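# Residue-level structural notes
Read off the chains here:
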Amino acid sequence: MSEVKLSAETRTEFGKGAARRVRRENKVPGVLYGHGTEPLHLTLPGHELLLALRTPNVLISLDIDGKSNELAIPKAVQRDPLKGFLEHVDLLLVKRGEKVNVEIPVHTEGELAPGGNLLEHVLAALPVEAEATHIPEAVTVSVEGLEAGASVHAKDITLPNGVTLAVEEDAVVLQVLAAQAEEAPEDEAAEGEEAAEA
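Presented here is a report on the structure given in the accompanying data block. If you're wondering where the values come from, they're calculated on a predicted model, not measured in any experiment.

For the rest of this paragraph, the subject is the pattern of salt bridges. Scanning the entire structure with this criterion turns up two salt bridges. Here K27 ties to E9 by a salt bridge, and the two come within 3.4 Å at their closest N and O atoms. Of this pair, K27 sits in strand β2 (residues 27-34) while E9 sits in strand β1 (residues 3-10); the two residues are 18 residues apart in sequence, bridging distant segments of the chain. Linking D170 and K155 is a salt bridge whose minimum nitrogen-to-oxygen distance equals 3.0 Å.

This is how it looks when you write it as structure tokens:
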């Protein structure tokens, strides 16, 4: 679990014009909330924040106005749909030792059984509960030799110590689909009969 230190400043101006001014300075407007506290409006350094957000569920240590240090995890990130730059970020205040619900990416390793089968990620990210300072970056699942019709359920995934599922144990995470065969002649004949009846 990586922890990234960022300096943040409190914001006193709000609205679209103020947000545009912040972004012109290569900074990102954001909000820090949680633990029943009043939401704190912040300005964060754009480039450093962009780099930090490359790690899913990154733990961010915020130095706010040089006065207070807070721990937070990203909860919602808004990006410009065309240019991809950060428009706004919501950060959730966390404490060391506190459990939080997050989604961690599911990575796969190994080769499916021969036959051109396809692997479908039913859940691209696995909902789990973990200590805020020990959120795993991802889980890896072996799909070695899985055949068409096979599935991997949430309960089949080995989680690190201290991490528990936040989804039904029987939830399908991955499934193997049979390769799409060309339409069989019987199907075409059946369609012809239906057309004749209509």
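Moving on, we get to the sheet that holds strand β3 (residues 37-45). With mixed pairing, the six strands of this closed barrel are ordered in space as β1-β3-β2-β6-β5-β4. Strand-to-strand, the axes of this sheet are offset by a mean angle of 45°, without reference to chain direction.

Attention now goes to the pairing of strand β4 (residues 59-64). A large share of β4 lies buried, amounting to five of its six residues. By the bridge criterion, six bridges tie β1 to β4 in an arrangement that is parallel. Within β4, the residue paired with A8 across the bridge is I64. Relative to strand β5 (residues 68-79), β4 is paired through five bridges, and the arrangement is antiparallel. Along β5, the bridge assignment pairs L62 with E70.

What follows concerns the sheet that holds strand β12 (residues 164-165). Here we have four strands laid out as an open sheet, ordered β10-β7-β9-β12, and mixed in their pairing. The open sheet has two free edges, formed respectively by β10 (139-142) and β12, since each of these has just one partner strand.

What follows concerns the side chain of H88. Mapped onto the elements of the fold, H88 is located in strand β6 (residues 86-94). Since its relative accessible area comes to 18%, H88 is described here as buried. At 3.3 Å, the side chain of H88 forms a polar contact with the side chain of D90. Those residues in contact with H88 that lie beyond four places of it in its chain are R11, V28, P29, G30, V31, A76, V77 and Q78.

Cut-offs applied
Residues numbered from 1 in each chain as written. Predicted model: local features only at pLDDT ≥ 70, side-chain atom pairs only at ≥ 80, totals over all residues. Heavy atoms only, no water. Salt bridge = Lys/Arg side-chain N within 4 Å of Asp/Glu carboxyl O. Helix = DSSP H or I, 4+ residues; strand = E, 2+ residues; numbered from the N terminus. Pairing = 2+ DSSP bridges. Axes fitted to C-alpha atoms, helices over the stretch in contact; angles between N-to-C directions. Buried < 20%, exposed > 50% of the residue type's maximum accessible area, 1.4 Å probe, protein only. Polar contact = N/O pair within 3.5 Å; in protein donor to acceptor, adjacent residues only side chain to side chain. Contact = heavy atoms within 4.5 Å.

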